[in-house]
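These are the residues of each chain, in order.
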Amino acid sequence: DARVTQTPRHKVTEMGQEVTMRCQPILGHNTVFWYRQTMMQGLELLAYFRNRAPLDDSGMPKDRFSAEMPDATLATLKIQPSEPRDSAVYFCASGLGHRGGGNTIYFGEGSWLTVV
Amino acid sequence: DQQVKQNSPSLSVQEGRISILNCDYTNSMFDYFLWYKKYPAEGPTFLISISSIKDKNEDGRFTVFLNKSAKHLSLHIVPSQPGDSAVYFCAAETDKLIFGTGTRLQVFP
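What this report covers is the structure whose coordinates are included nearby. (Residues numbered from 1 in each chain as written. Chains lettered and ligands numbered in written order. Predicted model: local features only at pLDDT ≥ 70, side-chain atom pairs only at ≥ 80, totals over all residues. Heavy atoms only, no water.)

### Section: the layout of surface pockets
Unoccupied space between atoms shows up once a probe the size of one water molecule is rolled over them. Empty space within the largest pocket amounts to approximately 440 Å³. Taken together, the elements giving at least two residues each to the lining of the largest pocket come down to strand 4 (31–38) of chain A together with strand 9 (86–93) and strand 11 (103–108) of chain B. Looking at the lining of the largest pocket residue by residue, the class counts come to 8 nonpolar, 10 polar and 2 charged. (1 Å grid on protein atoms, 1.4 Å probe; cavity = no way out; pocket = protein on both sides within 12 Å on 5 of 7 lines; lining within 4 Å. Points joined across faces, edges and corners; volume = space filled by probe spheres on them. Helix = DSSP H or I, 4+ residues; strand = E, 2+ residues; numbered from the N terminus. Nonpolar A, V, L, I, M, F, W, Y, C, P; charged D, E, K, R; others polar.)

Structure, rendered in structure tokens:
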């Protein structure tokens, strides 16, 4: 049963601390997305990769967020330093990226972050 | 700048009746449009899609309609069931998926 795996599922941290979220995409998928769910913005795209190369990270606050893919089986999203306004659910999703294909992507269960 | 908009944050429908969820977009370059469904504490799951060259796609109780001139799409669920209660996200594709803000559907008996 192929699925996207995210860790941690829940994280409570103090303001100013570093937070790292990890994602294992579905084997064989070449495109990985990071989304953040908030009440006001819905599912907000933070960054995405294709074949491990970053294609777009314009949705991320550059001064504190960073996203990487050290290898094809791991994507990371790091926040340093974290702030209370970063509290949200962070979703990783993966898919087979090709334009015009009805590019269905598959989501993990999310990482619930609370910054106090 | 919200390229994909779902203006109704919530919708309540009686079981057996039709649910209509709406979505508007601004970019005429989108290739595909998709609907995802999300239950609490789970990730969104794919529901149905439509190519920009079509105006209707049907899958069982779910039908998506696309009106390109109005830059509008809608999802019809007939008949609605209590298990359909969830948040529905509309998404539009170029080489990435851009999602709307979601509509919470509640189907009551």
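Okay, back to it.
### Notes on the side chain of A:Gln6
All names here are of chain A. By the element assignment, Gln6 lies in strand 1 (residues 5–7). The class of Gln6 is buried, set by a relative accessible area of 5%. Of note is the side chain of Gln6, whose polar atom sits 3.0 Å from the backbone nitrogen of Cys92. If we ignore the near neighbours within four places in the chain, the residues touching Gln6 are Arg22, Trp34, Tyr90, Phe91, Cys92, Gly108, Glu109, Gly110 and Ser111. (Buried < 20%, exposed > 50% of the residue type's maximum accessible area, 1.4 Å probe, protein only. Polar contact = N/O pair within 3.5 Å; in protein donor to acceptor, adjacent residues only side chain to side chain. Contact = heavy atoms within 4.5 Å.)

### Comments concerning the interface of chain A and chain B
Facing the 25 residues of chain A at the interface are 21 residues of chain B. Across the chain A/chain B interface, buried area totals approximately 1900 Å², and carbon plus sulfur atoms make up 54% of it. At the boundary of chain A with chain B, the tally comes to 1 salt bridge. We note a salt bridge from B:Lys96 to A:Asp56, for which the minimum N-O separation is 2.4 Å. For the interface between chain A and chain B, the tally reads 3 residue pairs in polar contact (both at pLDDT 80 or more). Looking at which element gives the most residues to the side of chain A that touches chain B, the answer is strand 5 (residues 42–50) of chain A, with 5 residues. Its residues assigned to classes, the side of chain A that touches chain B shows 10 nonpolar, 10 polar and 5 charged. (Buried area = accessible area lost by both parts, 1.4 Å probe. Salt bridge = Lys/Arg side-chain N within 4 Å of Asp/Glu carboxyl O.)

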